[in-house]
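Survey of secondary and tertiary structure
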Amino acid sequence: MGAVQLESVAAQHAHAKLNVDSLPQGPSLFDGNDTARIDGSKSDEYERFEKGLMQYGCAHYRRRCRIRAPCCNEIFDCRHCHNESKNSIKIDTARRHELPRHELQQVICSLCGTEQEVRQTCISCGVCMGKYFCEVCKLFDDDVSKEQYHCHVCGICRIGGRENFFHCSKCGCCYSKVLKNSHACVEGAMHHDCPICFEYLFESRNDVSVLPCGHTIHEKCLKEMKEHCQ
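With an unreviewed UniProt entry as reference, the protein chain is termed RING finger and CHY zinc finger domain-containing protein 1, source organism Aegilops tauschii subsp. strangulata.

Concerning the overall build of the protein chain
Looking only at helices and strands, one finds three helices and 13 strands in the protein chain. Counting every position in the protein chain, which comprises 230 residues, the buried fraction comes to 43%. Pairs at least 24 apart in sequence give 38% of the contacts found in the protein chain among residues at least 6 apart. For the protein chain, the accessible area works out to roughly 12400 Å², and carbon and sulfur atoms hold 49% of it.

Side note on the environment of Phe198
With respect to the element layout, Phe198 can be found in the loop between β11 (173-176) and β12 (208-210). Along the chain, Phe198 and His218 lie 20 residues apart, while their C-alpha atoms are 9.7 Å from each other.

Section: helix α2 (residues 79-86)
Counting buried positions along α2 yields six of eight residues, so the element is predominantly enclosed. Looking at α2, one finds that the buried residues are Arg79, His80, Cys81, His82, Asn83 and Lys86. Packing partners of the buried residues in α2 comprise β2 (65-68) and β3 (75-76).

What about the UniProt feature "domain: RING-type" (unreviewed entry) in the protein chain?
UniProt's entry tags residues 194-229 with the feature "domain: RING-type" (unreviewed entry), counted in the numbering of this structure. As annotated, residues 194-229 comprises 25% helix and 17% strand, and the C-alpha atoms at either end are separated by 18 Å.

Quick notes on the packing of aromatic side chains
Given two aromatic rings, one states the distance between the centres and the angle between the planes to describe the pair. Inspection of the entire model under this criterion finds four aromatic pairs. Residues Phe133 and Phe140 carry aromatic rings whose centres are separated by 4.9 Å and whose planes lie at 45° to one another, so their mutual orientation is tilted. Over the aromatic face of Phe202 sits the side chain of Arg158, whose NZ or CZ is 4.8 Å from the ring centroid. Looking at Arg205, its charged tip hangs above the ring of Tyr61, at a distance of 5.7 Å from the centre.

Definitions and cut-offs
Residues numbered from 1 in each chain as written. Predicted model: local features only at pLDDT ≥ 70, side-chain atom pairs only at ≥ 80, totals over all residues. Heavy atoms only, no water. Helix = DSSP H or I, 4+ residues; strand = E, 2+ residues; numbered from the N terminus. Buried < 20%, exposed > 50% of the residue type's maximum accessible area, 1.4 Å probe, protein only. Contact = heavy atoms within 4.5 Å. Areas by Shrake-Rupley, 256 points an atom, 1.4 Å probe, with all protein chains shown as cover. UniProt positions renumbered as here; feature names shortened; annotations may be inferred. Phe/Tyr/Trp six-rings, centres within 6.5 Å; stacked < 30°, edge-to-face > 60°. Lys NZ or Arg CZ within 6 Å of the ring centre and 35° of its normal.

Dropping the structure here:
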């Protein structure tokens with residue numbers, strides 16, 4: 001690949017953890033930007049809200065709920081856990097499937113076990129099932145240090161802080177602002193599979209590098225290519 005200069009899409013900045021206590025106070029638990037906030041003046045409400053924080057979840061998310069997959073009616077910790085199980089090479093080809101994020105309808109509270117329609121707070125015990133919650137993507141996550149945000153143009157949630165990224169309409173994805181005036185635009189640059197591992201880059205949870213030519217590839221895959229002198 002040679003000594004080319006690469007820019008990572010998802011790892012341009014060091015992100016400080018969001019301080020929930022510094023968010024505006026008031027009667028509502030939510031700040032209008034998908035992230036829950038706490039009214040510290042109401043101790044009972046605060047205790048219910050915080051109960052079990054960062055104690056539940058899976059390898060993908062810290063969250064206080066599980067999901068019922070509408071496609072197979074089975075319960076999983078998250079959409080990615082479902083896909084890893086149901087779209088595995090160990091599964092018969094005819095039975096493999098993935099769960100589209102927008103089709104999720106039911107969640108199960110991890111603390112009281114109540115099954116309910118997708119919402120941020122449990123209708124039974126009142127616990128917040130995810131400090132970050134996106135009603136569009138049906139995404140819950142207690143680890144708000146990721147600085148999640150929903151891009152309405154991409155149609156999915158991203159991490160890294162909205163202020164650090166811009167959406168390139170031609171490339172069809174959010175890029176770091178470091179690339180705003182320096183990247184080469186390629187139509188739908190992120191809407192294809194990684195040429196090495198074949199994972200769909202647009203929805204990948206792994207860091208992606210933008211090459212000087214404007215094409216994209218997983219940062220890890222590119223590194224492995226260079227290590228093998230490709």
